[in-house]
Amino acid sequence: MPSAFAIFIREGEIVDPEAMAAYKAGNAGVPVPGLNPRVVYGALETVEGEPADGMVILEFPSMQEARDWYYGEYNERAKLRQKAAPYRGFLVEGL
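Notes on the structure in this doc start here. Because the structure is a prediction, the values reported are computed rather than measured.

### Description of the pairing of strand E3 (residues 54-60)
So, point 1. Counting buried positions over the seven residues of E3 gives six, a clear majority of the element.
So, point 2. Relative to E3, strand E1 (residues 4-10) runs antiparallel, the two sharing seven bridges. Each residue of the ladder has a partner; that of Ala4, found in E3, is Phe60.

Here it is in structure tokens:
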């Protein structure tokens, strides 16, 4: 079964530090079965297109599990992240 990835790209400065702090606090200690963080704001080198301010890549066992996570309880926490800074987000099926 192919894996899937949730990719979040921050495309600007944090404009609401309180919302970002609440977002991070809400994620702390929340286990997600099958979720495997692959990139969490690591060193970033732009080789094409506009540079990003940061990136997170999370791996899931399947596209359905990625959807279940994003559209489930996480979706409310995501609103804090979206309030805190401009992001683009993707769910993409792996090989």
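Having seen it, we continue.
### A look at the packing of helix H2 (residues 63-71) against helix H3 (residues 74-84)
So, point 1. Direction vectors running N to C along H2 and H3 enclose 65°, while the axes themselves pass 5 Å from each other. On the basis of their axis angle, the class for H2 and H3 is roughly perpendicular. Across the interface between the two elements, Trp69, Tyr70 and Tyr71 from H2 touch Tyr74, Asn75, Ala78, Arg81 and Gln82 from H3.
So, point 2. Among the residues forming the contact of H2 with H3, the class breakdown is five nonpolar, two polar and one charged.

### As for the nonpolar core
So, point 1. In terms of nonpolar packing, the biggest core is built from 18 residues, with Ala6, Phe8, Leu58, Phe60, Trp69, Tyr70 and Tyr74 touching the most fellow members.
So, point 2. Listed by contribution, the elements that provide at least two residues to this core are E1, helix H1 (17-27), E3, H2 and H3.
So, point 3. Per-element accounting of this core gives the leading share, four residues, to H2.
So, point 4. Among all residues touching Ala6, those that are not within four sequence positions of it are Val56, Ile57, Leu58, Phe60, Trp69, Phe90 and Leu91.

### As for the pattern of salt bridges
So, point 1. Enumeration over the complete set of coordinates arrives at four salt bridges.
So, point 2. Among the salt bridges present, the one from Arg88 reaches Glu11, with a minimum N-O distance of 3.8 Å. With a gap of 77 residues between them, Arg88 in strand E4 (residues 87-93) and Glu11 in the loop between E1 and H1 connect regions that are remote in the sequence.
So, point 3. Residue classification places Glu11 among the partly exposed positions, given a relative accessible area of 42%.

### Considering the packing of H1 against H3
So, point 1. Where H1 meets H3, the axes come as close as 7 Å, and the angle between the chain directions of the two elements is 150°. Between H1 and H3, the angle is such that the two are roughly antiparallel. Handedness of the H1/H3 crossing: left-handed. Each of Ala19, Met20, Ala22, Tyr23, Gly26 and Asn27 in H1 lies in contact with H3, whose residues at this interface are Tyr74, Arg77, Ala78, Leu80, Arg81, Lys83 and Ala84.
So, point 2. When grouped by side-chain class, the residues that make up the contact of H1 with H3 number eight nonpolar, two polar and three charged.

### Things to note about the packing of aromatic side chains
So, point 1. On inspection of all chains with the given rule, the structure shows nine aromatic pairs.
So, point 2. Relative to Tyr74, the ring of Tyr23 lies with its centre 6.3 Å away and its plane at 75°, an arrangement referred to as edge-to-face. With Tyr23 in helix H1 and Tyr74 in helix H3, this pair connects stretches of sequence that are 51 residues apart.
So, point 3. Accessibility expressed as a relative area gives 13% for Tyr23, which makes it buried.
So, point 4. When its relative accessible area of 3% is taken as the criterion, Tyr74 is described as buried.
So, point 5. Consider the rings of Phe60 and Trp69, whose centres lie 5.2 Å apart with planes at 40°: the pair is tilted.

Rules of the game
Residues numbered from 1 in each chain as written. Predicted model: local features only at pLDDT ≥ 70, side-chain atom pairs only at ≥ 80, totals over all residues. Heavy atoms only, no water. Buried < 20%, exposed > 50% of the residue type's maximum accessible area, 1.4 Å probe, protein only. Helix = DSSP H or I, 4+ residues; strand = E, 2+ residues; numbered from the N terminus. Pairing = 2+ DSSP bridges. Axes fitted to C-alpha atoms, helices over the stretch in contact; angles between N-to-C directions. Parallel < 35°, antiparallel > 145°, perpendicular 65-115°, else oblique. Contact = heavy atoms within 4.5 Å. Nonpolar A, V, L, I, M, F, W, Y, C, P; charged D, E, K, R; others polar. Core = buried A, V, L, I, M, F, W, Y, C linked by side-chain atoms within 4.5 Å. Salt bridge = Lys/Arg side-chain N within 4 Å of Asp/Glu carboxyl O. Left-handed = near helix turned anticlockwise from the far one by under 90°. Phe/Tyr/Trp six-rings, centres within 6.5 Å; stacked < 30°, edge-to-face > 60°.

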